[in-house]
Amino acid sequence: MSVPRRRFLLVFGLFVLVIAGGVAYFADSAPDGLDSVTQRGCTVVQTAQGERLEGHCIAQNVTKHVFSGGPLADYTVGGDDRWTGLAGVIGAAVTLGAAGGLFWGLRRRTGGE
Amino acid sequence: MRSCSGQEGERDVPTTTLAMHMSDGLLSAPTALLFAVVAIAGLAVALANARADLDDRTAPMAGLVAAFVFAVQMINFPVLPGVSGHLLGGALAAILAGPWVGALCVAIVLVVQALLFADGGLTMLGANITNMALIGTAIGYLVALALRRYASRSRAGLLVTAFVAAWVNTVAASCGFVLEYAIGGAAGYGTGTAALAVVGVHCLIGIGEGVITAVTVGAVAAARPDLIHLLRTGKQAKEAVR
């Protein structure tokens, strides 16, 4: 009747890879709802060090992320956003490992009964 | 303007290509701490209750749901000129994996994003988890639960339920931000205007969230309806009584 569970999970997993590794390239680069509101009243100025806010807005209080210099910061690899897909695949794999590991450890052992 | 790091450097805003969630500094330190405590308490409750929904069959599915939420959160879609939105995923995860597991899925995604991708401030992690993993998931699931009769009756009912639950999830999560900002927003001005703007734009983002959630839940329902927690719980409850 329905798809075998193993095949379903495999297809689901491949789908996750395609989204993280490929579709993510088509993401809109405009600030999201929260960012856009907190940046109201400011103008984003490009400097040699990156973007800077001028004016008066909520986002002015924002400080740099502790890990902003990290190898995967901002979904890039070493700051190169041509590797967004790789960063996405790594992130999805780490999430699967962390969540899957936690849930597998927590599960009720149904087989032993 | 000054090029040296230090005081001026701290004001540099991280380049926002795919960034989302609250960044460090948006809330005062005591408020951040308060919501860190709320987040830990909420996740402890979720952890204690999640076990009941996890077995050999559902645990791998739940892990994939978390990875799926991570992947889809990367895709910002345009909602207004110059403004984008992205999936939060709480209602989606809760419908597929149950509310407790769903909350843990979203929380894990947020932790991975903050630690690995510098997305969402570390001091704001509690506030972000409270909004997206706790408030959004809980409210979204309650809506789905209220509509479950329709969801289990027809495919259209399931899609509409998923859409509505996800829309409410998004708006509820944005209300969480408003609450936090009202309690201890670091800027301390324009709370009312900011609140209206944030909730307003999330009413639009919620439409995208609703569509993605309905399509996903619909696809899983077509292949393996038994892996959808929302459609299973009624029967499970009956089994538990026996």
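Every value quoted in this text rests on a predicted model; they were computed, and no experiment measured them.

Asks: What's the story with the packing of aromatic side chains in this structure? I'm lost.
Replies: Two aromatic rings are characterised by how far apart their centres lie and by the angle between their planes. Here the structure, examined in full by the defined rule, presents seven aromatic pairs over all chains. Relative to Phe68(B), the ring of Phe15(A) lies with its centre 6.4 Å away and its plane at 15°, an arrangement referred to as stacked. Taken together, the residues Phe15(A) in helix H1 (residues 5-21) and Phe68(B) in helix H2 (residues 58-73) connect one chain to another. Judged by its relative accessible area of 47%, Phe15(A) falls in the partly exposed class. Considering the side-chain rings of Tyr75(A) and Phe70(B), the 6.3 Å spacing of their centres and the 45° angle between planes classify their relative orientation as tilted. Note that Tyr75(A) is positioned in the loop between strand S2 (50-55) and helix H3 (84-106) and Phe70(B) in helix H2, a pairing that runs across two chains. Ring pairs connect the aromatic residues Phe8(A), Phe12(A), Phe15(A) and Phe68(B), which therefore count as one cluster.

Asks: Teacher, can you tell me more about the pairing of strand S1 (residues 77-80) of chain B here?
Replies: Residues and elements named next belong to chain B. One ladder, built from three bridges, connects S1 with strand S2 (residues 83-85); its direction is antiparallel. Among the inter-strand pairings, Pro 78 is bridged to a residue of S2, identified as Ser 84. Two successive antiparallel strands, S1 and S2, enclose a turn made up of two residues, where Gly 82 displays a positive phi of approximately 80°.

Asks: Explanation requested: the UniProt feature "transmembrane region" (unreviewed entry) in chain A in the structure shown.
Replies: Under the feature "transmembrane region" (unreviewed entry), the UniProt entry names residues 83-106 of chain A. Overall, residues 83-106 of chain A shows 96% helix and 0% strand. The separation of its end C-alpha atoms is 34 Å.

Asks: Mind showing me how you'd approach the nonpolar core here?
Replies: Counting 76 residues, the largest nonpolar core has Phe103(A), Met61(B), Ile129(B) and Ile228(B) as the members making the most contacts within it. Among all residues touching Phe103(A), those that are not within four sequence positions of it are Leu54(B), Ala59(B), Ala62(B), Gly63(B), Val101(B), Leu104(B) and Cys105(B). Core analysis: the second largest hydrophobic core is formed by 22 residues, Val62(A), Leu27(B), Met124(B) and Ala195(B) among them.

Asks: Which parts of the structure should I look at to understand the domain arrangement of chain A?
Replies: Much of the literature gives interface size as the accessible area that the parts lose upon coming together. Domain boundaries assigned for chain A yield domain 1 (1-27 + 73-112) and domain 2 (31-62). The distance between the C-alpha centroids of domain 1 of chain A and domain 2 of chain A comes to 32 Å.

Asks: Help me understand the state of the cysteines, please; the structure alone is not making it clear to me.
Replies: In protein structure, a disulfide is the covalent linkage between the sulfur atoms of two cysteines. Throughout the structure, instances matching the rule amount to one disulfide over all chains. What pairs with Cys42(A) in a disulfide is Cys57(A), and their sulfur atoms sit 2.0 Å apart. On the S-S bond that ties Cys42(A) to Cys57(A), the torsion sits near -100°, and the link is left-handed. Here Cys42(A), found in strand S1 (residues 42-47), pairs with Cys57(A), found in the loop between S2 and H3; they are 15 residues apart in sequence, far enough to count as distant. The buried category is assigned to Cys42(A), whose relative accessible area is 13%. What makes Cys57(A) buried here is its relative accessible area of 2%. Here Cys175(B) stays unpaired: no disulfide links it, and the sulfur of Cys203(B), its closest cysteine neighbor, is 8.1 Å away.

Definitions and cut-offs
Residues numbered from 1 in each chain as written. Chains lettered and ligands numbered in written order. Predicted model: local features only at pLDDT ≥ 70, side-chain atom pairs only at ≥ 80, totals over all residues. Heavy atoms only, no water. Phe/Tyr/Trp six-rings, centres within 6.5 Å; stacked < 30°, edge-to-face > 60°. Helix = DSSP H or I, 4+ residues; strand = E, 2+ residues; numbered from the N terminus. Buried < 20%, exposed > 50% of the residue type's maximum accessible area, 1.4 Å probe, protein only. Pairing = 2+ DSSP bridges. UniProt positions renumbered as here; feature names shortened; annotations may be inferred. Core = buried A, V, L, I, M, F, W, Y, C linked by side-chain atoms within 4.5 Å. Contact = heavy atoms within 4.5 Å. Domains from an automatic or database assignment. Disulfide = S-S within 2.5 Å.

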